[in-house]
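# Per-entry structural report
The primary structure of each chain is shown beneath.
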Amino acid sequence: MLEGREWFGVAGASAEEIEQLKSVAPVELPDSYFQLLAYSNGGEGPLPVDPFNLCLDPIPQVIEGIQTGNFGQNEFAGFIVFGGNGGGEYLAFDTRGNEPWPVVYIDMVAGPDSAEMVTPTFDAFIELIGRE
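The following refers to the structure shown. (Residues numbered from 1 in each chain as written. Predicted model: local features only at pLDDT ≥ 70, side-chain atom pairs only at ≥ 80, totals over all residues. Heavy atoms only, no water.)

### Things to note about the environment of A92
Its place among the elements puts A92 in strand β5 (residues 89-94). We classify A92 as buried; its relative accessible area is 0%. Those residues in contact with A92, other than ones at most four positions away along the chain, are F79, I80, V81, F82, P102, V103, V104 and I106. (Helix = DSSP H or I, 4+ residues; strand = E, 2+ residues; numbered from the N terminus. Buried < 20%, exposed > 50% of the residue type's maximum accessible area, 1.4 Å probe, protein only. Contact = heavy atoms within 4.5 Å.)

### Side note on the sheet that holds β5
As summarised here, the arrangement of the 7 strands in space is β1-β2-β3-β4-β5-β6-β7, forming an open sheet in which the pairing is antiparallel. Each end of this open sheet is capped by a strand with a single partner; those strands are β1 (8-9) and β7 (116-119). Bridging between β5 and strand β6 (residues 103-107) involves 5 bridges; their strand directions are antiparallel. Each bridged residue has a counterpart across the sheet, and for L91 the counterpart in β6 is Y105. (Pairing = 2+ DSSP bridges.)

### Points about the nonpolar core
One finds Y33, L54, F82, L91, F122, F125 and I129 to be the most contacted residues of the largest nonpolar core, which totals 30 residues. Mapped onto this core, the elements with two or more residues apiece are α1 (15-24), α2 (31-39), β3 (53-56), α3 (59-67), β4 (79-84), β5, β6 and α5 (122-126). Residues contacting F125, with those up to four places away along its chain left out, are L47, L54, F82, L91, V103, V118 and T119. Core analysis: the second largest hydrophobic core is formed by 7 residues, F76, F79, V81 and A92 among them. (Core = buried A, V, L, I, M, F, W, Y, C linked by side-chain atoms within 4.5 Å.)

### Overview of the side chain of S32
Locating S32 in the fold gives a position in helix α2. According to the relative accessible area criterion, S32 is buried, its value standing at 8%. The residues touching S32, leaving out its near neighbours within four places in the chain, are M1, F122, D123 and I126.

### Some points on α2
Residues of α2 that are buried: S32, Y33, F34, L36 and L37. The inward-facing, buried residues of α2 contact α1, β3, α3, β4, β5 and α5.

### A closer look at the environment of I129
Mapped onto the secondary structure, I129 falls in the segment after α5. Apart from the residues within four sequence positions on either side, I129 is in contact with L2, R5, W7, L36, P46, L47 and L54.

### As for unusual backbone geometry
The omega angle of the peptide bond from D50 to P51 is 15°, so this bond is cis rather than trans. You can see P51 is positioned in the loop between β2 (43-46) and β3. The residue F52 is not glycine, and still its phi comes out positive at about 70°. Within the element layout of this structure, F52 appears in the loop between β2 and β3. Residue class for F52 comes out partly exposed when judged on its relative accessible area of 48%. Here the phi dihedral of N70 falls at roughly 55°; this positive angle occurs in a residue that is not glycine. With respect to the secondary-structure elements, N70 resides in helix α4 (residues 69-72). A residue is classified by how much of its surface remains accessible, and N70, at 9% relative accessible area, is buried.

Shown next as structure tokens:
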């Protein structure tokens, strides 16, 4: 999936782990997201646009975020966090509007009003992963 790109991956998620995430997600997430997790259930690589790095959260962490309301940060309702940049910004699906869910980055301190769109879809986001 990310062959030929700069990506520091880990083993992919099992079908059971992916089904568990699908069952707890409050909305239907893109198939390309689940394909990425099947390829690498976590990992890190550059992005050529802000926030310039992706630290992909493994499925158990994403599930915990969903089940705890983004770890008790109620102001982040409507976002499904799937990673960060390793420097204080979340990467998330913005589910406050309509599908397809845009990928946004959010300053963890400034809160949801700081959300900036990275790409309008996760398919477009995949094309950026591992590129500088």
